[in-house]
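Given next are the chains, with one letter for each unit.
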Amino acid sequence: MMMTRETHLPNPMDPQDMMSLRHWDAAGSPPAAHPDMTHEATVDCGWGRLIFGQTFGDARALAATIRAERPGRRDVALYLRDPQVVLAQAPQELFIDPSYTYRLALDGEPAPAPQSGLLVRSARPEDAEAIRRLYQVHRMVAPPRTFLESLERRPAVQVLVAQDEADGSVVGVVTGVDHVLAIQDPDGGSSLWALAVDPQAAQRGVGEALTRAVADSMRSHGRRFLDLSVLHDNAQAIALYEKLGFVRVPAYCVKRKNAINEPLYIGPDPTAALNIYAGILVREARRRGIGVEVLDAEHGYFRLTMGGRSIVCRESLTELTTAVALSRCDDKRVTARVLADAGLAVPAQIRADDLAEVAAFLKVHRRVVVKPARGEQGQGVRVDLDELEDVSAAIEHARRFCDVVVVEQMVEGEDLRIVVIDHRVVAAATRRPAEVVGDGRSDVRALIRAQSRRRQRATGGESRIPVDDETRRCLRTQGLALEDVPAAGRRVQVRKTANLHTGGTIHDVTAALHPALREAAERASRALDIPVVGFDFMVRSPDQPEHVIIEANERPGLANHEPQPTAERFIDLLFPLSRPATAAEAAPAGA
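Residues numbered from 1 in each chain as written. Predicted model: local features only at pLDDT ≥ 70, side-chain atom pairs only at ≥ 80, totals over all residues. Heavy atoms only, no water.

Draft legend 1. Seen up close, the overall build of the chain. The number of helices and strands found in the chain is 18 helices and 27 strands. In terms of its C-alpha atoms, the chain occupies a principal-axis envelope of roughly 100 × 75 × 40 Å. Counting across all 591 residues of the chain, residues that qualify as buried make up 50%. Put simply, 69% of the contacts in the chain that link residues at least 6 apart link residues at least 24 apart. When the accessible surface of the chain is split by element, carbon and sulfur atoms take 49% of a total near 27400 Å². Separation between the mean location of the 74 positive side-chain charges and that of the 81 negative ones in the chain comes to 1 Å. (Helix = DSSP H or I, 4+ residues; strand = E, 2+ residues; numbered from the N terminus. Buried < 20%, exposed > 50% of the residue type's maximum accessible area, 1.4 Å probe, protein only. Contact = heavy atoms within 4.5 Å. Areas by Shrake-Rupley, 256 points an atom, 1.4 Å probe, with all protein chains shown as cover. Lys, Arg positive; Asp, Glu negative; His and termini not counted. Charge placed at Lys NZ, Arg CZ, Asp CG, Glu CD.)

Below, the structure written as structure tokens:
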């Protein structure tokens, strides 16, 4: 019987078989570049270049290529044989990225993907704005529209987006690079880059769906592995990749020091204990060279100092807000009265002291909102009440948070938050109540638990969905209970209020804001005489003029409105001399 010799297939995890992992040959010298591989190869990915370190035979040439990064880009050099030697060529300009490299072997059949209500497809030029928004939220570099228009001429690069099948919105994006097409890679590899997911997305598994899509695409083209780079402390992403079968491999990244990469090489942030609302302001202050002293990290207090000026802040509330302005916003009755006196539209409102008066008010307005006169973060607020028994119960609930309770006319429409700084509108966003999307397997309680974890991660622990009587009431209006299993793709609203601290999501509409809404918000800020404020409007649509102003927040969460320049305008207000000069201001006289 004749024996046939099996063809040896290289093991994608074995440094002896893989050029991308091999560091030393048997003689103790760096291995020579493979003769078929493209020499000193780079690939433009839109957000920056992927620089293939294993194609460089000289550390000085590789360092020079990394240093040639264009302004506003974020280049990545991977598969360096000796990162420490490359770093030594320009130690003031380069750094070793504190990331792990993970590799997925693309052998065998792909595992079936869970049902998600997502459509993963190739990016199109018209997706450019949605992709830019996703990347800006995560402080990443977005590819220009011209790059997306040229993808057909870039066979080595694919950009995929995840689209919500319910409303067509783009909720995720990723880049895949085919190393064979890019550099004639003898390892037969590929890689995944720049994965970004909308933190406001209600769907589960957006990142997983995009990762699977890139892996399946590369597998279908015969690629042997898929690599990715992930920050060493990104536990959530690492857990996902390990669940999908990725394994850590000894490959390292070197990057150029720039403003985008700064958090990766300046060491631990001394203000890291601050929440996201204080952190965004402190980062902007530090960027401008303003001194920062954290006074009480737990409660968000810090002091900013520049020259002879020193201002204490609690998140976006500062010493510039007077006690009178603060008191006007603190009491919802006073807020409504001041705004009404200024000729601004507010809903009808009464104190909830006399149940007979409340019954008469309900009869006139039919649907009402009950809220504590003082309070924040949606505590004690119940909306869309049309039965006196429910209103009475809501009043008793609200009294747990404040002795004075108000009953307010329920106004239909979209919940719109407008942020005004120095009496100018800076950002506007619609707020949507927390919802979950059914998968056909999980009950509502499990879906809430999973979505609440996602909201907590996306907001640094500031947002979560409570499971309480209000949640159960909201479900009952839809014929559901916590133990029911919604059909796959069914969206279930689990709160009536759109407050972010109870799991609501926020969606930027600044560019679409109607001039009448902008003018009303600026008038309202002057009426309250408050320099930083967030107004809650109820509107027919952000691009329509009809509105009422529900309340004012003297300490709005500016981090919720990225990528709008809320932090920049906040620091401009506090330290106007630190404001960067515009191009016109910087031009010489007579230019």
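Draft legend 2. Molecular detail of the packing of aromatic side chains. What the rule picks out here adds up to four aromatic pairs. Taking the centre distance of 5.1 Å and the plane angle of 50° together, the rings of Phe 95 and Tyr 265 count as tilted. Of this pair, Phe 95 sits in strand β4 (residues 94-96) while Tyr 265 sits in helix α8 (residues 262-265); the two residues are 170 residues apart in sequence, bridging distant segments of the chain. Its end group placed over the ring of Phe 575, Arg 309 keeps NZ or CZ at 6.0 Å from the ring centre. (Phe/Tyr/Trp six-rings, centres within 6.5 Å; stacked < 30°, edge-to-face > 60°. Lys NZ or Arg CZ within 6 Å of the ring centre and 35° of its normal.)

Draft legend 3. Region of interest: the pairing of strand β14 (residues 301-306). Two elements, strand β13 (residues 291-296) and β14, share five bridges in a ladder whose sense is antiparallel. Paired with Val 294 across the strands is Phe 302, a residue of β14. Between the antiparallel neighbours β13 and β14 lie four residues, among them Gly 300 with a positive phi of about 80°. Two elements, β14 and strand β15 (residues 309-314), share six bridges in a ladder whose sense is antiparallel. By the bridge assignment, Arg 303 is partnered in β15 with Val 312. Here β14 folds back onto β15 in antiparallel fashion, the turn holding two residues, of which Gly 307 has a positive phi close to 60°. (Pairing = 2+ DSSP bridges.)

Draft legend 4. Highlighting the pattern of salt bridges. Evaluated as defined, the whole model comprises 47 salt bridges. The closest approach of N and O atoms between Glu 129 and Arg 132, which form a salt bridge, is 2.3 Å. Here the residue Glu 129 and the residue Arg 132 both occupy positions in helix α3 (residues 128-137), the gap between them amounting to three residues, near one helical turn. A relative accessible area of 30% places Arg 132 in the partly exposed class. With a closest N to O distance of 2.9 Å, Arg 374 and Asp 330 form a salt bridge. In this pair, Arg 374 sits in the loop between β18 (368-372) and β19 (382-385) while Asp 330 sits in helix α10 (residues 323-330), placing the two residues 44 residues apart along the sequence. Through salt bridges with shared partners, one network takes in Glu 284, Arg 287, Arg 288, Arg 569 and Asp 572. (Salt bridge = Lys/Arg side-chain N within 4 Å of Asp/Glu carboxyl O.)

Draft legend 5. α3, seen in detail. Every buried residue of α3 is listed here: Ala 128, Ile 131, Leu 134 and Tyr 135. Viewed end-on, α3 has its buried residues packed into an arc of 125°, placing them on one side of the element. Residues of α3 that are buried in the fold lie against α4 (145-149), β7 (157-164), β8 (170-178) and β9 (189-197). Where α3 ends, the next residue or the one after it, Arg 139, has phi of about 55°, a positive value. (Arc of directions from axis to C-beta.)

Draft legend 6. Layout of the pairing of β8. Counting buried positions along β8 gives nine out of nine residues, so the element sits mostly inside the fold. Relative to β8, β7 runs antiparallel, the two sharing seven bridges. Within β8, the residue paired with Gln 163 across the bridge is Val 170. Where β8 lies against β9, six bridges are found, and the strand directions are antiparallel. The partner of Asp 178 across the bridge, within β9, is Ser 190.

Draft legend 7. Summary view of the sheet that holds strand β21 (residues 414-421). Ordered in space as β25-β22-β21-β26-β27, the five strands form an open sheet in which the pairing is antiparallel. Of all strands in the sheet, those with a lone pairing partner are β25 (505-508) and β27 (547-553), marking the two edges. Averaged over all adjacent pairs, the angle separating strand axes in this sheet is 30°, with direction ignored. Sheet analysis places β21 next to strand β22 (residues 424-432), joined by seven bridges and oriented antiparallel. Within the sheet, the bridge partner assigned to Leu 416 lies in β22 and is Thr 430. (Axes fitted to C-alpha atoms, helices over the stretch in contact; angles between N-to-C directions.)

Draft legend 8. Looking closely at the sheet that holds strand β20 (residues 405-409). Overall, antiparallel pairing links the four strands, which are arranged β17-β20-β18-β19 in an open sheet. Two strands close off the open sheet at either side, each with one partner strand: β17 (349-351) and β19. Geometrically, the sheet is characterised by an average inter-axis angle of 25° between neighbouring strands, direction not taken into account. Relative to β20, β17 runs antiparallel, the two being bridged by three bridges. Residue Arg 351 lies in a different strand from β20, and its bridge partner there is Val 406. Along the sheet, helix α13 (residues 388-398) makes contact with β18, β19 and β20, crossing β18 at roughly 15°.

Draft legend 9. Summary view of the nonpolar core. Among the nonpolar cores identified, the biggest contains 38 residues, and Phe 52, Val 173 and Trp 193 are the most heavily contacted of them. Those elements that provide at least two residues to this core are β2 (49-52), β3 (76-78), α3, α4, β7, β8, α5 (179-183) and β9. For this core, the element with the most residues is α3, which contributes four residues. (Core = buried A, V, L, I, M, F, W, Y, C linked by side-chain atoms within 4.5 Å.)

Draft legend 10. Seen up close, the side chain of Glu 315. Of note, Glu 315 is situated in the loop between β15 and β16 (317-318). Residue Glu 315 is classed as buried on the basis of its relative accessible area, which comes to 8%. One polar contact links Glu 315 to Asn 275, side chain to side chain, over a distance of 2.7 Å. There is a polar contact of 2.7 Å between the side chain of Glu 315 and the side chain of Arg 555. (Polar contact = N/O pair within 3.5 Å; in protein donor to acceptor, adjacent residues only side chain to side chain.)

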